[in-house]
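Inside the fold
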Amino acid sequence: MRGISELVEALSTQQRDDIVAGHGRFTEAMKRTGEFVSTHALADTDDSTVVSVSDGDTAVRRGPFHPSEVSMGGYYIVDCEDRDRAHAVAAMIPDARLDGVGIEVRPIVYSDAAN
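Everything quoted here is computed from the prediction, not taken from an experiment. (Residues numbered from 1 in each chain as written. Predicted model: local features only at pLDDT ≥ 70, side-chain atom pairs only at ≥ 80, totals over all residues. Heavy atoms only, no water.)

1. Considering the overall build of the protein chain
Counting its secondary structure elements, the protein chain contains three helices and four strands. In the protein chain, the order of α-helices and β-strands from amino to carboxyl end is α-α-β-β-β-β-α. Once the C-alpha set of the protein chain is aligned to its principal axes, its extents read approximately 50 × 40 × 25 Å. Of all intrachain contacts in the protein chain linking residues separated by at least 6 positions in sequence, the fraction that spans at least 24 positions is 60%. Of the roughly 8,600 Å² that the protein chain leaves accessible, carbon and sulfur atoms contribute 51%. For the protein chain, the centre of its 11 positive side-chain charges and the centre of its 20 negative side-chain charges are spaced 4 Å apart. (Helix = DSSP H or I, 4+ residues; strand = E, 2+ residues; numbered from the N terminus. Contact = heavy atoms within 4.5 Å. Areas by Shrake-Rupley, 256 points an atom, 1.4 Å probe, with all protein chains shown as cover. Lys, Arg positive; Asp, Glu negative; His and termini not counted. Charge placed at Lys NZ, Arg CZ, Asp CG, Glu CD.)

2. Focus: the nonpolar core
Ranked by size, the top nonpolar core spans seven residues in total: F26, A29, M30, C80, A86, V89 and I93. Examining the composition of this core, we find that three residues originate from one element, helix α2 (residues 13-33), more than from any other. Dropping the residues within four chain positions of it, F26 is found in contact with Y76, V89, M92, I93 and P94. Among the nonpolar cores identified, the runner-up in size contains five residues, and L11, I19, L98 and V101 belong to it. (Core = buried A, V, L, I, M, F, W, Y, C linked by side-chain atoms within 4.5 Å. Buried < 20%, exposed > 50% of the residue type's maximum accessible area, 1.4 Å probe, protein only.)

3. Here's the deal with helix α3 (residues 83-92)
Along α3, the positions that sit buried rather than exposed are A86, V89 and A90. In an axial view of α3, the angular spread of the buried residues amounts to 100°, which keeps them on one side of the axis. Looking at the packing, one finds that the buried side of α3 touches α2 and β4 (74-78). (Arc of directions from axis to C-beta.)

4. Regarding α2
The terminal C-alpha atoms of α2, which comprises 21 residues, lie 30 Å apart, in line with the 30 Å expected from a rise of 1.5 Å per residue. Burial in α2 covers these residues: I19, G22, H23, F26, T27, A29 and M30. Buried residues along α2 cover an arc of 165° about the axis, so they all sit on one side. Along α2, the residues that are exposed and aim more than 90 degrees away from the buried face are T13, V20, R25 and R32. If you follow the buried residues of α2, they end up packed against β1 (36-41), β4 and α3. Downstream of α2 by a residue or two, G34 has a phi angle that is positive, lying close to 80°. (Expected span 1.5 Å × (residues − 1).)

5. Re the packing of α2 against α3
Running from N to C, α2 and α3 point in directions that differ by 150°, and their axes come no closer than 10 Å. Here α3 runs roughly antiparallel to α2, going by the angle between their axes. In terms of crossing hand, the pair formed by α2 and α3 is right-handed. Between α2 and α3, the contacting residues are F26, M30 and T33 on the first element and R85, V89 and M92 on the second. (Axes fitted to C-alpha atoms, helices over the stretch in contact; angles between N-to-C directions. Parallel < 35°, antiparallel > 145°, perpendicular 65-115°, else oblique. Left-handed = near helix turned anticlockwise from the far one by under 90°.)

6. Focus on a negative patch on the surface
Residues E6, E9, D46 and D47 make up a contiguous surface patch of negative charge. Tracing the sequence through the fold places E6 in helix α1 (residues 4-9). (Patch = residues over 30% accessible without salt bridge, like charges linked within 9 Å, V, L, I, M, F, W, Y side chains within 5 Å. Salt bridge = Lys/Arg side-chain N within 4 Å of Asp/Glu carboxyl O.)

And the structure:
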């Protein structure tokens, strides 16, 4: 499996710096439009575990729930007026321009916060 960290490591230092700066610009742009809710970067799938419970017994195993050729490096939550705007916003995320990377757009159907 080729994780996001491997894709990023294959880039030049300048390309990596451009992507990091691009995420900062993207976040600021979303804050200016009032669409920004939050963002979270995720560790590579090598650091993931899967927890399951069967007959009251908890099992923990290393690795992603479902191995695949791509992994999610993080996510943004943005509040868009419609799916077309969500697609336009996704196209603005710097990683969308990386070969082999796609930005998945998925509506939130339920949300609750700690506060």
